[in-house]
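Single-letter residue listing:
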Amino acid sequence: MNLLVLAAETENPLVPPIPELVIGLIAFVIVFGFLAKKLLPNINKVLDERREQIEGGIEKAEAAQTEAQSVLEQYKAQLAEARHEAARLRQEALEQGTALKEELRAEGQRQREEIIAAGHAQIAADRKAASQALRQDVGKLATDLAGKLVGESLEDVARQSRTIDRFLSELEEKAEAAR
């Protein structure tokens, strides 16, 4: 048992024997070399591709953002131009409406003046016709009355007309003088 204790004391379970350590180290170098030669380039290649895709995606996103900003500026410019055009059209329509209103007002005024003038002409014609009819009626009544007073018929038309016209002219002159 002493031997076992002595052997156990000489062999430390935490420190491997040197041949195992050398074999393990050679196996590690072989596996590491294999991984470094075969697997690591593929891993680096995939990582590089992924990095390029990410960088390309960022560049594409920046390009898309720049393009979107440009489109937004164009849209704003078009919108401002459309608003300006709408304001111009609105002002033009307002001016046309005002001009049309003035034109219609002038046309209405002209028609009113024509109607008033026609009315005055009609009134003057009616007054003249009424005056003529009144002269005839007054002349006939005056002649009849004078004939009844004198007791003779005063049927001489020419003399009647001259007498009546003279009498009525004198009345009109008196009426105008009184004004």
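None of these values were measured; they are calculated from a predicted model.

Conventions and cut-offs
Residues numbered from 1 in each chain as written. Predicted model: local features only at pLDDT ≥ 70, side-chain atom pairs only at ≥ 80, totals over all residues. Heavy atoms only, no water. Helix = DSSP H or I, 4+ residues; strand = E, 2+ residues; numbered from the N terminus. Buried < 20%, exposed > 50% of the residue type's maximum accessible area, 1.4 Å probe, protein only. Areas by Shrake-Rupley, 256 points an atom, 1.4 Å probe, with all protein chains shown as cover. Phe/Tyr/Trp six-rings, centres within 6.5 Å; stacked < 30°, edge-to-face > 60°. Patch = residues over 30% accessible without salt bridge, like charges linked within 9 Å, V, L, I, M, F, W, Y side chains within 5 Å. Salt bridge = Lys/Arg side-chain N within 4 Å of Asp/Glu carboxyl O. Lys, Arg positive; Asp, Glu negative; His and termini not counted. Charge placed at Lys NZ, Arg CZ, Asp CG, Glu CD.

> Outline the overall build of the protein chain, supporting the account with residue identities and numerical values.
Across its full length, the protein chain carries 3 helices and 0 strands. Reading the secondary structure of the protein chain in the N-to-C direction produces α-α-α. Residues classed as buried in the protein chain amount to 3% of the 179 residues present. If you sum the accessible surface of the protein chain, you get close to 16200 Å²; carbon and sulfur atoms cover 62% of it.

> Give me the lowdown on the packing of aromatic side chains, citing residues and values where you can.
One pass over the full model with this rule turns up 1 aromatic pair. Taking the centre distance of 6.0 Å and the plane angle of 20° together, the rings of F28 and F32 count as stacked. Of this pair, F28 and F32 both sit in helix α2 (residues 18-150), 4 residues apart, which is roughly one turn of the helix. Like F32, F28 is exposed.

> Break down a nonpolar patch on the surface for me, with residues and values.
A cluster of nonpolar side chains, contributed by V31, F34, L35, L39, L40, I43 and L47, occupies part of the molecular surface with about 620 Å² of accessible area. Relative to the helices and strands, L40 is located in helix α2. Of the residues examined, L40 reaches a relative accessible area of 42% and is grouped as partly exposed.

> Explain the pattern of salt bridges residue by residue, including any values.
Think of it this way: side chains of opposite charge can pair up when their charged atoms draw near. Tallying each qualifying case throughout the model produces 7 salt bridges. Taking the shortest distance from any N to any O, the salt bridge between R88 and E85 comes out at 2.4 Å. In this pair, R88 and E85 are both assigned in helix α2, 3 residues apart and thus about one turn of the helix distant. Take R88: its relative accessible area is 38%, and that puts it in the partly exposed class. We note a salt bridge from E107 to R110, for which the minimum N-O separation is 2.3 Å. Of this pair, E107 and R110 both sit in helix α2, 3 residues apart, roughly one helical turn. For E107, a relative accessible area of 32% corresponds to the partly exposed category. Overlapping salt bridges bring together E85, R88 and E92 as one network.

> Talk me through a negative patch on the surface; I want residue IDs and the actual numbers.
The grouping of E49, E52, E55, E59 and E62 at the surface amounts to a negative patch. Inspection of the secondary structure puts E49 in helix α2.

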